[in-house]
Amino acid sequence: MSEASKTTRAIVAGPDADGIGEALENEGVAVTRLEGVISRPQLEEAGIVDADLYVLTDVGQATTIPIVCDLTDDIRTVVYTEDSIPEFVKAQLDIAVDPKLLAPAIVAEELLG
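Computed from a predicted structure; not experimentally measured.

A.B. asks: Report on the pairing of strand β3 (residues 53-56), specifying residues and quantitative values.
C.D. replies: Here β3 shows no split at all, with L53 and V55 on one side and Y54 and L56 on the other all buried. Between the parallel elements β3 and strand β4 (residues 76-80), the chain passes through helix α3 (residues 64-71) in a crossover that is right-handed.

A.B. asks: With reference to specific residues and values, describe the nonpolar core.
C.D. replies: Residues I11, L43, I48, Y54, I65 and V79 are the most contacted members of the largest nonpolar core, which totals 20 residues. Apart from the residues lying within four places of it in its own chain, the contact partners of I48 are I11, L43, Y54, V68, L71, T72 and I75. Residues V12, V31, V97 and L111 belong to the second largest nonpolar core, which totals 15 residues.

A.B. asks: Could you give an account of the environment of A103, with specific residues and numbers?
C.D. replies: With respect to the secondary-structure elements, A103 resides in the loop between β5 (95-97) and α5 (104-112). In this structure A103 comes out as partly exposed when scored by relative accessible area, which is 35%. Between the alpha carbons of A103 and G60 there is a distance of 22 Å; along the sequence they are 43 residues apart.

A.B. asks: Quick one: what's the story with the pattern of salt bridges, residue by residue and with numbers?
C.D. replies: Counted under the stated rule, the structure contains five salt bridges. Ionic pairing is found between E44 and R40, a salt bridge with its closest N-O pair at 3.4 Å. With E44 and R40 both in helix α2 (residues 40-46) and four residues apart, the pair spans about one turn of that helix. Classification of E44 as partly exposed rests on a relative accessible area of 40%. Two residues, E87 and K90, come together in a salt bridge whose shortest N-O distance is 2.9 Å. Placement of the pair is E87 and K90 together in helix α4 (residues 87-90), with a separation of three residues, close to one helical turn. Classification of K90 by relative accessible area gives partly exposed; the value is 40%.

Criteria and cut-off values
- Residues numbered from 1 in each chain as written.
- Predicted model: local features only at pLDDT ≥ 70, side-chain atom pairs only at ≥ 80, totals over all residues.
- Heavy atoms only, no water.
- Buried < 20%, exposed > 50% of the residue type's maximum accessible area, 1.4 Å probe, protein only.
- Helix = DSSP H or I, 4+ residues; strand = E, 2+ residues; numbered from the N terminus.
- Right-handed = clockwise from strand over helix to strand, strands pointing away.
- Core = buried A, V, L, I, M, F, W, Y, C linked by side-chain atoms within 4.5 Å.
- Contact = heavy atoms within 4.5 Å.
- Salt bridge = Lys/Arg side-chain N within 4 Å of Asp/Glu carboxyl O.

Here it is as structure tokens:
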């Protein structure tokens, strides 16, 4: 399968009040949503190993970032929230965006561009 024909897959974890999941779907991304307390088994069941993007909207679940990075090297990790990101996870993040600064449609377009 060529890279051009591959469907981009994303897991959006946490409440999505700002609509990043919908914005990604509008860009043709296959989105799986996880809410509540997220565990390694839930991430595995959601298909994290085959996902291209992990978008976290709840920094209360920041411990999932190291888990995601442990499960796969081929994923971009994104935090999309106005909340502060814990120091322990910053080194494993590819990008952190405040929804007040960039609209979800712009972020989705940039993540895929």
